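Residue-level structural notes
Spelled out from the first residue to the last, the chains are:
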Amino acid sequence: MTAIDDTPESNDPVPAPDAAPDVDSREAAAAGRKAARHETLRLLMKRPAFIGGVLIVMIWVVCALFTNLIAPYNPLDYRTGLNMSPSWSHPFGTDKGGRDVLSRVIAGARDVLKIAPIAAMLGVLGGVILGLLMGYLRGAFDTVASRVVEAFLSLPVVLLALLAITTLGNSNWVVIGVVATLFTPVVARTVRSAVLAERELDYVTSARLRGESSLFVMYREILPNISGPIIVELTVRIGYAVFTVATLSFLGAGPPPPSPDWGAQVSDNYNSIVAGYWWSTFFPAAAIASLVIAVNLIADSIERVVKS
Amino acid sequence: MSDVLAEPGSLDERGDPATAALAVDGLELAYEVRGIPRAVLRGVSFQVRPGEAFGLVGESGCGKSTTAYAALRYLPENAVVQAGRVLAQGDDILQMSKSALRKFRIEQASMVYQDPVQALNPTSRIGHQVAECFTVLGESKSEAQASALAALRRVKIAAPESVMDRYPHQLSGGMLQRVVIAMALASDPQLLVLDEPTTGLDATVEAEVLDLVRDLREETGAAILLIAHNLGVIRSMCDRVGVMYAGRIIEEGSAQDVFDNPQHPYTMGLLNAIPRQGLRKTDRALFTIPGNLPGIGSDLPTCVYVDRCPIADDLCRTEVPPKVSVGTDRWTRCHHVERLSEIVEPEAVVTEYEIASDNVIELDGVSKTFRQRGHEVPALVSVDLGFHEGETLGLVGESGSGKSTLAKTLLGVHAPDEGGSVNLRGRPMQGKAGDRIQESIRAISMVFQNPDSALNRSWTVRRILRRTVTKLTSIRGEEADERVESLAEAMRLSQRHLDMRPKQLSGGLKQRVAIARAFAGDPDVVVCDEPTSALDVSVQAAILNLLANLQNDERTSYLFITHDIGVVRYLADRIAVMYLGRIMEIGATDVMFSEVNHPYTEALLSAVPSVDGEAENRIPLTGEIPSPANPPSGCVFHTRCHRAIAGLCEVTEPEMVELSPGHRIKCHLTVEQLSEPIEISPADVLAEIADLPD
């Protein structure tokens, strides 16, 4: 329980009568907005979880961008020994195909960091559009769309995705499209409920009374005010997307076998755990976990700051 | 004649603090926000003697609610008490152990909150919740049931047995507040803290609840600490009053003394800002207090009021004003008590408010029926209403009387039923705003009750105004920018405010932006839906002045919806009284307040607690407003009318009759019958349960 929801901008005292000229004041306002954003960032930087999450994500981003510089070996190269245990020359060992696990884990960041954010963004975009329409228009459209969304949510996600990918082929774009489609209804529900609260406010009535179109009210008036939950939704969805993409490639719906994909690596090698070759499964799995956790740490911090 | 009392922070001399029902001594309290303590109370000291009613008044943010909560140590986690004591019967409750505090709250003190809906558990029956208060005191289940029933009887609820079995959502706000009061009195507390107990209630219900508290106080002898921003409520309820400002009490004395003869510039400002004693806009502008309350946690000058005080001088800036005695048990914190007479009232207005004779807008037989689960709910029933150019038409009535529906139909939020029409300068308009031609949309605009909700919080003020200008007029480009700037200037907003977002503005400034937007299209009619009810009195005064001036300059007509009789009397040229979707009375303001009224108006006017302390002869409105889905037969008001004639009023619906030119009422009674004084029997003040919807 907090007694005052105090923001530095509120309770602005009445200004001196000789207010600054117009140009200055616009700059001042822009500076004010910048200050507000700066404040949000400052609050985020005070959260160790956020910093930790960002650091882990940064490590993977660097790995993805500079794979060739960082990876000690070519991730596709066959080494001399199969299933070599971790050593100085191969810190994560080699897998059953004799490839260096460290290099493959580093290279594997590239695919997932390309696919997951794009898929999440497209899914959130679709969800925002659908949710705005449902929440603002209400009526028959909302009723029908809500039932469809609920029906969609009741289906097993992975099954649906596998079905789509086996039908459409497993290019990166298909994976992106499938994950985005899976996310759209979930996001739509969140956005819908935010819009429902927002449309009851008088500024929406006011806009309608001056003859604004529904599109204008939805996208110009309402959308900026629900950006908080949307940003939170986006970060949460990126975390889910990483996991979904890895799951799909584990199930064989990802890029074809030689490519250094984390999910595919786990699926290729997990049979050899029983033989004691744990490293070829453990390190890609740990990579997936670290990225999912990192993104969720960031999402959680953003949610707390946005809602405070 | 004035004597300097003991140093600030010390207790007042009205007896030993150890025997006081509540003694707050030099209390300093801060809320920690993001690790930084922000001072809220800065040395509050007062005493409530046993059996006494003490009122705290002040504007929002002055710390009065925090003081109330501190009195029972109901403080949020981030509250830090930095200094001071809170004594109840001599025990410092700030030092009490958890169990002692619990015992204190159970046995000695109770609190009644602002919103009874939130104070009660929605999933539990009333009887069970009231009985809990008695089981906590050690009674057995059956004893507690009997005590609960008695407690409900005590707060004058009719049919308490049936109330016991109901859930909170089945009762009205007034009933719920009675239930909360019944629970608060369960332990016969020595101290009852009421935090804005009637703020969310209609004036008529407010009057009933206040009557009840007054009666119970005589019965139980409990000391009362009453927090209210409504000075009339404090005046009618309290023996003593403390005026709070920026976390300090700046004046204290008997309620009558303080309100009739204020001795601090702030108290004077507050009292002068209220439209009262029959003041009209044609008499003079309202008194306003320039500037704002110092923000929570900001550094305070020596005298907290110095920046807004009209008589401040160097002494006020360098020395903390001591407590200056200005009578028996009466003090103020001002260096210049002898110079208070220098504060002058605003000068009389010379301009005449001209009103044209032809109607700008006419509602012609407008009805509006909503459909709810197959039932027809008539919210408006053949309303005929017209207003002239430059006229303010006040619209009053209880919640649920159809005021807002009338406004929304006029604005085109929803279309009226077939057969009625809204005419703009004689020509009928389309029902829905979306179907109306540009000219009709431009002609009517609205100022909403709550500026926080009415302004898009992610837009700058400039964008809000500019969009409205370009949408409603043919002004474009640089001319539109100029129009926005001149609008802002007319509202006394500075250029700096134009680039701010609503969150960065105070409540009064936000409402100015909302008014600027309403005027952006140069409208003929502005609908004002309680535009000042969310604002403090000093801000309200400035907004009312602004509206009056704008009307004079722009020749705009207002439809002014309000609960506040003082405000409507000040601003309106004519007043219409609504009940169950019908206009029961309409007439010129001075006529309404001098001649006989419709019995409903009579009851409404008598319900207002006055800060002037005029003699009260309150006519209670028994029961709740009937459901519009099932209106009473004959005259819709006969079920609650104190003058109803059996065999006539419940059979025939009366016609509108003209009492004098322009003054019409919907009533069977003659002027002679209406002017007979009436007797109120005690049975009339029972709160009855409304008919439950099926």
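Residues numbered from 1 in each chain as written. Chains lettered and ligands numbered in written order. Predicted model: local features only at pLDDT ≥ 70, side-chain atom pairs only at ≥ 80, totals over all residues.

**Regarding the overall build of chain A**
Helices and strands together make up the secondary structure of chain A, namely 12 helices and zero strands. With 308 residues in all, chain A has 40% of them scored as buried. Partitioning the contacts of chain A with sequence separation of at least 6, the portion at a separation of at least 24 is 71%. (Helix = DSSP H or I, 4+ residues; strand = E, 2+ residues; numbered from the N terminus. Buried ≥ 20, exposed ≤ 12 C-beta atoms within 10 Å, placed from the backbone. Contact = placed C-beta atoms within 7 Å.)

**Digging into the overall build of chain B**
Regarding its fold elements, chain B presents 24 helices and 25 strands. A compact globule built from 694 residues would reach a C-alpha radius of gyration of about 26 Å, and chain B, at 26 Å, matches this within 12%. Expressed along its principal axes, the backbone C-alpha trace of chain B runs to roughly 75 × 65 × 50 Å. A buried classification covers 51% of the 694 residues belonging to chain B. Put simply, of all contacts in chain B between residues at least 6 apart along the chain, 69% involve residues at least 24 apart. (Rg over C-alpha atoms; globule rule 2.2 N^0.38 Å.)

**Description of the environment of valine 44 of chain B**
All names here are of chain B. Its place among the elements puts valine 44 in strand S3 (residues 36-48). C-alpha of valine 44 to C-alpha of arginine 248: the two residues are 204 residues apart in sequence and 5.3 Å apart in space. In this structure valine 44 touches Val24, Leu27, Thr67, Gly247, Arg248 and Ile249, once residues within four positions along its chain are discounted.

**Re the pairing of strand S23 (residues 582-588) of chain B**
Along a regular strand, successive side chains alternate from one face of the sheet to the other. Residue and element names in this part refer to chain B. For S23, a buried count of six out of seven residues is recorded, marking the element as mostly surrounded by other parts of the structure. Taken together, the six bridges between strand S22 (residues 574-579) and S23 define a ladder with antiparallel strand orientation. Residue pairing for S23: tyrosine 579 is matched across the bridge by arginine 582. Hairpin connection of S22 to S23: two residues between the antiparallel strands, including leucine 580 at a positive phi of 50 degrees. In the sheet, S23 pairs with strand S25 (residues 663-666) via two bridges, with the strands oriented antiparallel. By the bridge assignment for S25, glutamate 585 is matched with isoleucine 665. (Pairing = 2+ DSSP bridges.)

**Comments concerning the domain arrangement of chain B**
All names here are of chain B. You can read the domains of chain B as domain 1 (3-108 + 187-342), domain 2 (359-580) and domain 3 (584-685). Elements supplying a minimum of two residues to the side of domain 2 that touches domain 3: strand S15 (375-388), helix H21 (565-571) and S22. Class assignment for the residues of the side of domain 2 that touches domain 3 results in 12 nonpolar, three polar and four charged. (Domains from an automatic or database assignment. Nonpolar A, V, L, I, M, F, W, Y, C, P; charged D, E, K, R; others polar.)

**What about the confidence of the model for chain A?**
Confidence in the prediction of chain A, expressed as mean pLDDT, is 84, and 87% of residues score 70 or more. Low pLDDT (under 50) marks residues 1-25 of chain A, which in the prediction has 42 contacts with non-local residues, meaning those over four places away or in another chain. (pLDDT = per-residue confidence, 0-100.)

**Points about the packing of helix H4 (residues 101-137) of chain A against helix H12 (residues 279-307) of chain A**
All names here are of chain A. Running from N to C, H4 and H12 cross one another at 35 degrees; their axes reach a closest spacing of 10 Å. Crossing geometry of H4 relative to H12 is assigned as right-handed. For the pair formed by H4 and H12, the contact residues are Val101, Val105, Gly108 and Val112 on the first element and Trp279, Ser280, Phe283, Pro284, Ala287 and Leu291 on the second. Per-class residue counts for the contact of H4 with H12 are eight nonpolar, two polar and no charged. (Axes fitted to C-alpha atoms, helices over the stretch in contact; angles between N-to-C directions. Left-handed = near helix turned anticlockwise from the far one by under 90°.)

**Describing helix H17 (residues 477-490) of chain B**
Residue and element names in this part refer to chain B. Here H17 spans 20 Å end to end across 14 residues, near enough to the 20 Å set by a 1.5 Å rise per residue. Among the residues making up H17, those that are buried are Arg483, Val484, Leu487 and Ala488. Angular distribution of buried residues about the axis of H17 spans 135 degrees; they occupy a single face of the element. Those residues of H17 that are exposed and aimed more than 90 degrees away from the buried face are Glu478, Glu482, Ser486 and Glu489. For H17, the elements touching its buried residues are helix H16 (461-472), helix H18 (495-498) and helix H19 (507-519). (Expected span 1.5 Å × (residues − 1). Arc of directions from axis to C-beta.)

**As for the nonpolar core**
With 278 residues, the main nonpolar core has Leu22 and Leu559 of chain B as its most contacted residues. The element contributing the most residues to this core is H4 of chain A, with 19 residues. (Core = buried A, V, L, I, M, F, W, Y, C linked by C-beta atoms within 7 Å.)

**Quick word on the sheet that holds strand S18 (residues 427-428) of chain B**
Residue and element names in this part refer to chain B. In space, the four strands of this open sheet follow the order S15-S14-S17-S18, with antiparallel pairing throughout. Edge positions in the open sheet fall to S15 and S18, since each of these has one partner strand only. Sheet topology places strand S14 (residues 359-372) next to strand S17 (residues 421-424); four bridges connect them, and they run antiparallel. Opposite isoleucine 361, over in S17, you have leucine 424 as the bridge partner. Contacts from helix H13 (residues 403-411) reach S14, S15 and S17, with the element oriented near 70 degrees to S15.

**Considerations on unusual backbone geometry**
For arginine 138 of chain A, which is not a glycine, the phi torsion comes out positive at approximately 50 degrees. Judged by the 14 C-beta atoms lying within 10 Å of it, arginine 138 of chain A falls in the partly exposed class.

**A closer look at the sheet that holds S25 of chain B**
Residue and element names in this part refer to chain B. With mixed pairing, eight strands are arranged side by side in an open sheet as S19-S20-S21-S16-S22-S23-S25-S24. The strands lining the two open edges of the sheet, one partner per strand, are strand S19 (444-447) and strand S24 (656-660). Averaged over neighbouring strand pairs, the angle between their axes works out to 20 degrees when direction is ignored. The sheet contact formed by S19 and strand S20 (residues 525-529) spans four bridges and is parallel. Looking at the pairing, serine 445 lines up with valine 526 of S20. Where H13 meets the sheet, it contacts strand S16 (392-396), S19, S20, strand S21 (557-561) and S22, and its direction lies at approximately 150 degrees from that of S20.

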